[in-house]
There are 2 protein chains.
Amino acid sequence: MQADTNADTGAEADADADGLFVPERVAVVGATDREGSVGRAILTNLAEFDGDVVAVNPGRERVLDYPCYDGLGDVPGPVDLAVVVVPPSAVADVVRDAGEAGVPNVVVVTAGFGEAGSEGANRERDLVALAEEYDITLVGPNCLGVMSTRSGLNASFGPQMALPGSVAFMSQSGAFITAVLDWARDQGFGFSDVVSLGNKAVEDETDFMRRWARSEETNVVLAYLESIVDGRAFIDTAREVTTDTPVVAVKSGRTSAGAQAASSHTGALAGSEAAYEAGLEQAGVLRAENVEEFFDFARALDGLPLPETDAVAVVTNAGGPGVMATDAVGDSGLEMASLADATRSALADALPANANVHNPVDVIGDADVARFCDALDTTLADPGVGAVVVVAAPTAVLDYDGLAEAVVDVQREHGKPVVASLMGGERVDAPADVLADAGVPNYFDPARAVDSLDALASYAAISERDYAAPRGFADVDRERARAVLERVTERESNQLGVEAMDLLDAYGIPTPAGGVADSPDEADSLAADLGGDVVMKVVSPDITHKSDIGGVEVGVPREEVRDTYETLVTRARNYQPDARVLGVQVQERVDTDAGVETILGMTRDPQFGPLLMFGLGGIFVEVLEDTTFRVAPVSTDEAAAMLDDVDAAPLLRGARGRAPVDREALRECVERLGRLVDDFPAILELDVNPLLARPASDDGDAGALALDLRLTVDPEKL
Amino acid sequence: MQADTNADTGAEADADADGLFVPERVAVVGATDREGSVGRAILTNLAEFDGDVVAVNPGRERVLDYPCYDGLGDVPGPVDLAVVVVPPSAVADVVRDAGEAGVPNVVVVTAGFGEAGSEGANRERDLVALAEEYDITLVGPNCLGVMSTRSGLNASFGPQMALPGSVAFMSQSGAFITAVLDWARDQGFGFSDVVSLGNKAVEDETDFMRRWARSEETNVVLAYLESIVDGRAFIDTAREVTTDTPVVAVKSGRTSAGAQAASSHTGALAGSEAAYEAGLEQAGVLRAENVEEFFDFARALDGLPLPETDAVAVVTNAGGPGVMATDAVGDSGLEMASLADATRSALADALPANANVHNPVDVIGDADVARFCDALDTTLADPGVGAVVVVAAPTAVLDYDGLAEAVVDVQREHGKPVVASLMGGERVDAPADVLADAGVPNYFDPARAVDSLDALASYAAISERDYAAPRGFADVDRERARAVLERVTERESNQLGVEAMDLLDAYGIPTPAGGVADSPDEADSLAADLGGDVVMKVVSPDITHKSDIGGVEVGVPREEVRDTYETLVTRARNYQPDARVLGVQVQERVDTDAGVETILGMTRDPQFGPLLMFGLGGIFVEVLEDTTFRVAPVSTDEAAAMLDDVDAAPLLRGARGRAPVDREALRECVERLGRLVDDFPAILELDVNPLLARPASDDGDAGALALDLRLTVDPEKL
């Protein structure tokens, strides 16, 4: 399915990729020469465009220097891109004209759609239908426009054109684009393409990510997002894209305050932060927390080779700043490299006696460029060193210009990433330019240099990850599971409980032996099958806290099963006379002391769909909020990672003298539950609590056993 | 004690404060005109000094343009400050000369002391003795020098003089000073005084903090530290200083990698990060994690008034960047202000219909300066708003220069702190200068603006905190405690165990009733006194894990006490024939299920002294490392904060249906243990584990009860 879909959209996108960013002819619909108008601003911005520009506006022959036509249908010859700035009520007609005229790409700048009440939302639905009818690649509405330095195209009303570069940038905020372009010009930071996503009615973040992954001119994709339209599609696409092309995202509205602000800003339904966090991580997208990281990460990814190991060396002429860089390494996902003996003795030969030949390598304050670069060269040659951080303080004997050139040379020679913190003021301007031209970022703060290296190493791990799709399970009985879920249609509430445990059984998640009895005789017969003492629980959709009303009895001997049945039912009736009692669950007795109680749950996120939650039972989830999330279905590796991600993970590995639990069994439960909730969109929420994780046993006991279940089902989705 | 000490040193420091940074006459000892020499560099740097400069070097009449004398004793008239650059072996003689000549301040630039092996360490000890003998304020050795823009003094060999300002800066790294000064000049960031601390043989961070707290010209103290010489003195001084003067520190070597690097760099014994973290927090010092934060915090603290509440408002013309600022608020210790109804209606009256009058206030992209500032003015007038973050993206209608001036005016008018993120490139240069001149920091990244406001709010809380000194306890029996500790002198090991529980009793920490019996009869007699079943534990300094060898029996009835005594002793002997058995502890039986097991421990840090640790028992400390630390003795507030600081704190407050524990009783145990370990430096390590925290009871049961004890004692310190 997934591969087919990609192939289709791939072909489609290929065909019009150039037409959007590298068109031959652009039409501005709604072009005017009125001072201060958006139409005029766009026309003016198109002055540097490599191709043809035409204006469209009824009753004019020319607008500014461009020929003008009454409608898109009147323009002689093909138009690759139409930029629409007519009033909102007129946009649909223009898009229809574009479709009829065979214009493949339309950018709707006009606002007044999904962000503007129900009338606007209706207008936006019309646009979507037209884009589909005519197979139009439609950007916006309510956006700043698009630009591409590949073709000199500035089809936007922003005040500033991008400098050429190889970073593609999409943003859900037009204001952020104007701010960034203004700043980036000053910084010499360039872009290949820039797109203002607007309301993302048709083309969204996933489409542009896919498009740019195929663009030779794009090395890095940057995305400023306040929402993701289709989380699952985003993850699937990003997983493929990020093996070759790094994607860095700022997902704004991370905090609850921010999420509230974002949703009032865009009107988009914000999904949960837990889902975004899990989804972006599974997608392989690097997440920047703020604007500074966003561009720091982009710079490093655009300019430097990827490190082969996470072990870095710091080479410095300044002890204190060297320690700060080392602290930053300690804070990051990187580690300080242990230098090889040969490296250390080579350094000792080349450096003065009071130099430090361990990492951080300190060439001492009286080092000149030659000594500094000797040490750099020797350190980079160490096979255990994946990358180097150069940290320098200004001294009378160190020529920063010479140092910058030498750093560039030695970086190229070794092909390993190098980041720099040549500290200082104006004296750093020229050497920083030399470094930047060679792709080596330079920061006053050594910690920023280290952080950009950390992003590089994170992406190296992403690009190498060997993603296996979630497994299928041949033994899954989908029809049996559906039959269990359909029981909800006979209920007044849409909740199912422990009586639905055969749902888990149908998907191969181990449950205790037993069943629901609706008479004392049946209870006795179930207990006879089980042998030994049993656990009995009243089954009622109206009673949620069974233990609290004496609705659970543990360790019931065979001879008391009939009486206990009556007692449990009576207690339920006494507690709540109108409670519907469906019977009594009779289960084999399980020794919970021999294992660790975990919780495996699921909620459904509006953007990402089924979101799995894992944690340890009792205080761990409820008091310490020690949980981890993944979008389902999950691969074997993702399921295994969930077991490691919680703080209490050592308890599963056998901390404090316990036997380690059967991780494979537990992991498989996570995978199987992921399949179940993905197969049945009708399952809105689900909790297996507890899911008992037990040590592996030779006598056939399941390593993981679901002891109780609650779920909420939407009967309409069955 | 503390108040007296401060008064003394206060008077002393007052007398020479001006002599060090604002001297009338400076002598450079070791001055030469040799190109490239440190002596020449210092003399040259003194060209702009407001006072007199003389050179000292035998056999010369002038060095450069300065008169030269053979020795300090030969200089006619008083010398306030001597800067010493002679070879290390000659430094002591120069310091003696200074003492004899009545020179009160000496800066030893020369290296080759504590950082250079045992010979250097000896030389450093000589300097300390001489400084004490002659009451000399001695800076260094092994430092870059000192500077003060108050007097135009650059008594350093750095390449750059500071710009004037009101931030005082001390650094344990000279290279960091040269880097910072170079950068700061470019940024227009000024300093009052700068000192390179060097080896801190005499004057250390605490001395300079105290000195600058009294300086009218200093608003903020910045400290780059790799170690703190005397943690206790630092805390006591900083507590007083920081009520009026903010202190911001980078403590380098935070991470284990960094700490290793720092200790090889300075040779200083690094204390534990836990101690630094606790100590700096107790001191009221704001800790910056990196160079960027260091100066961002300083800028905000230097230029802005303190906020009266943590509630901030964001006012923006750009939705996306406004959300980013809101996220940054969510990440920080600040909160988004709820605007008053009156504020919202005033905003609604003044702004277009599609503006957002909730916080973040969005004045919409077509806002000009007048509209933007109207909204700012209205928002700042809201009494619930403590501070405002201005976030702007460039538009055709917004004049940044005008906006900056208006922001400055409205900030002054309301007297509340305002930080800015006017985003963009060159167009921001001039308006950022306007803002900076008025003390309003401006950053491209809205998150950085918010973070500096966060630091301001943190300092506001510090300046207002009502610190009460740790309580004394009249019922403490110090002599009895000493007698218990002295038992260690009769031991082969320096460990004491459960048999030393009367140590806790002597300090008013509740312990179970009972005692150590050294015969079956005595055990029986103890059990008779206790009544009911008892707990019996073998007492042996050679057996650490008593339970593992069957050395503990719980719930022993009276009639079995004698036999159990024999059994426990036999088991110990069987386990380890040469174990010294001191007897058997007979304790009342305590119901541990009725409470929460906690751990209260102590280690001794080389810099900060006794460091208390608190956490919950079992997995919480051992697996989750959920602990908190404070330097002892602790105030009532500090002890109470420890109970709240652990992640598992809700369990003490009665999570999951339990009764809340008696927090006052638990807190008092922390305070009392803090007193104990502070009173007896001989206690090297101590663990009360478990310290049972119980619900408050009406029947006289202690709310907290120490059930077991282990400690390590240094008999030489008794």
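Only a predicted model underlies this, so the values are computations on that prediction, with no experimental measurement involved. (Residues numbered from 1 in each chain as written. Chains lettered and ligands numbered in written order. Predicted model: local features only at pLDDT ≥ 70, side-chain atom pairs only at ≥ 80, totals over all residues. Heavy atoms only, no water.)

Some points on the overall build of chain A
- The secondary structure content of chain A amounts to 24 helices and 32 strands.
- By principal-axis analysis of the C-alpha atoms, chain A measures approximately 95 × 85 × 40 Å.
- Expressed as a percentage of the 718 residues in chain A, the buried residues total 58%.
- The long-range share in chain A, meaning contacts at least 24 apart out of those at least 6 apart in sequence, stands at 71%.
- When the accessible surface of chain A is split by element, carbon and sulfur atoms take 44% of a total near 27,400 Å².
- Here chain A contributes 53 positive and 126 negative side-chain charges, whose respective centroids are spaced 5 Å apart. (Helix = DSSP H or I, 4+ residues; strand = E, 2+ residues; numbered from the N terminus. Buried < 20%, exposed > 50% of the residue type's maximum accessible area, 1.4 Å probe, protein only. Contact = heavy atoms within 4.5 Å. Areas by Shrake-Rupley, 256 points an atom, 1.4 Å probe, with all protein chains shown as cover. Lys, Arg positive; Asp, Glu negative; His and termini not counted. Charge placed at Lys NZ, Arg CZ, Asp CG, Glu CD.)

A few points about the domain arrangement of chain A
- Assigned domains within chain A: domain 1 (2-301), domain 2 (305-464), domain 3 (513-589) and domain 4 (592-717).
- Its C-alpha centre places domain 2 of chain A at a distance of 44 Å from the equivalent point of domain 4 of chain A. (Domains from an automatic or database assignment.)

Notes on the UniProt feature "domain: ATP-grasp" (unreviewed entry) in chain A
- Cross-referencing UniProt, the feature "domain: ATP-grasp" (unreviewed entry) maps to residues 501-537 of chain A in the present numbering.
- Between the end C-alpha atoms of residues 501-537 of chain A there is a gap of 13 Å, over a span that is 43% helix and 22% strand. (UniProt positions renumbered as here; feature names shortened; annotations may be inferred.)

Quick word on the relation of the copies chain B and chain A
- Mapping chain B onto chain A leaves a residual RMSD of 0.1 Å; the transformation is a rotation of 180 degrees accompanied by 0.0 Å of translation along its axis. The relationship between the two copies is best expressed as a two-fold rotation axis.
- In this assembly, 100% of the residues forming the interface of chain B have copies in chain A that are likewise at the interface, indicating an isologous arrangement. (Least-squares fit on C-alpha atoms with pLDDT ≥ 70 in both.)

Considerations on the environment of A:Gly231
Residues and elements named next belong to chain A.
- For Gly-231, the position within the fold is in helix H7 (residues 231-241).
- Separated by 52 residues in sequence, Gly-231 and Ala-283 place their C-alpha atoms 9.5 Å apart.
- With near-sequence residues (within four places) excluded, Gly-231 lies in contact with Gln-607 and Phe-608.

Points about the nonpolar core
- Within the largest apolar cluster, 195 residues are counted, with the highest numbers of intra-cluster contacts made by A:Phe191 and B:Phe191.
- Not counting chain neighbours up to four residues away, the residues in contact with B:Phe191 comprise B:Thr149, B:Ala162, B:Leu163, B:Pro164, B:Gly165, B:Ser166, B:Val167, B:Phe169, B:Val180, B:Leu181, B:Ala184 and B:Phe295.
- The next biggest cluster of nonpolar side chains, apart from the first, holds 108 residues, and it includes A:Val646, B:Ala481, B:Leu616 and B:Val646. (Core = buried A, V, L, I, M, F, W, Y, C linked by side-chain atoms within 4.5 Å.)

Describing the sheet that holds strand S2 (residues 52-56) of chain B
All names here are of chain B.
- An order of S3-S4-S2-S1-S5-S6-S7 is seen for the 7 strands of this open sheet, with the pairing classed as mixed. Of all the strands in the sheet, just strand S3 (62-63) and strand S7 (137-139) have a single pairing partner and so form its edges.
- Inspection of the sheet shows strand S1 (residues 25-29) paired to S2 by 5 bridges, in the parallel sense. Residue Ala-27 lies in a different strand from S2, and its bridge partner there is Val-54.
- Contacting S1, S2, S3, strand S4 (66-69) and strand S5 (81-84), helix H2 (residues 38-45) runs over the sheet at an angle of about 165 degrees to S1. (Pairing = 2+ DSSP bridges. Axes fitted to C-alpha atoms, helices over the stretch in contact; angles between N-to-C directions.)

Quick look at the interface of chain B and chain A
- On the chain A side, the residues contacting the 65 residues of chain B number 65 residues.
- Summed over both partners, the interface of chain B with chain A buries about 4,900 Å², with 64% contributed by carbon and sulfur atoms.
- Ranking the residues of chain B by area buried against chain A places B:Asp327, B:Phe444 and B:Arg656 at the top, with a combined share of 12%.
- One can count 6 salt bridges joining chain B with chain A.
- Here A:Asp182 ties to B:Arg427 by a salt bridge, and the two come within 2.9 Å at their closest N and O atoms.
- The interface formed by chain B and chain A contains 22 residue pairs in polar contact (both at pLDDT 80 or more).
- Secondary-structure elements contributing two or more residues to the side of chain B that touches chain A are helix H5 (174-187), helix H8 (256-266), helix H10 (291-303), helix H11 (319-331), helix H16 (446-464), helix H21 (619-622) and helix H23 (649-652) of chain B.
- Examining the composition of the side of chain B that touches chain A, we find that 9 residues originate from one element, H11(B), more than from any other.
- Its residues placed into classes, the side of chain B that touches chain A shows 31 nonpolar, 18 polar and 16 charged. (Buried area = accessible area lost by both parts, 1.4 Å probe. Salt bridge = Lys/Arg side-chain N within 4 Å of Asp/Glu carboxyl O. Polar contact = N/O pair within 3.5 Å; in protein donor to acceptor, adjacent residues only side chain to side chain. Nonpolar A, V, L, I, M, F, W, Y, C, P; charged D, E, K, R; others polar.)

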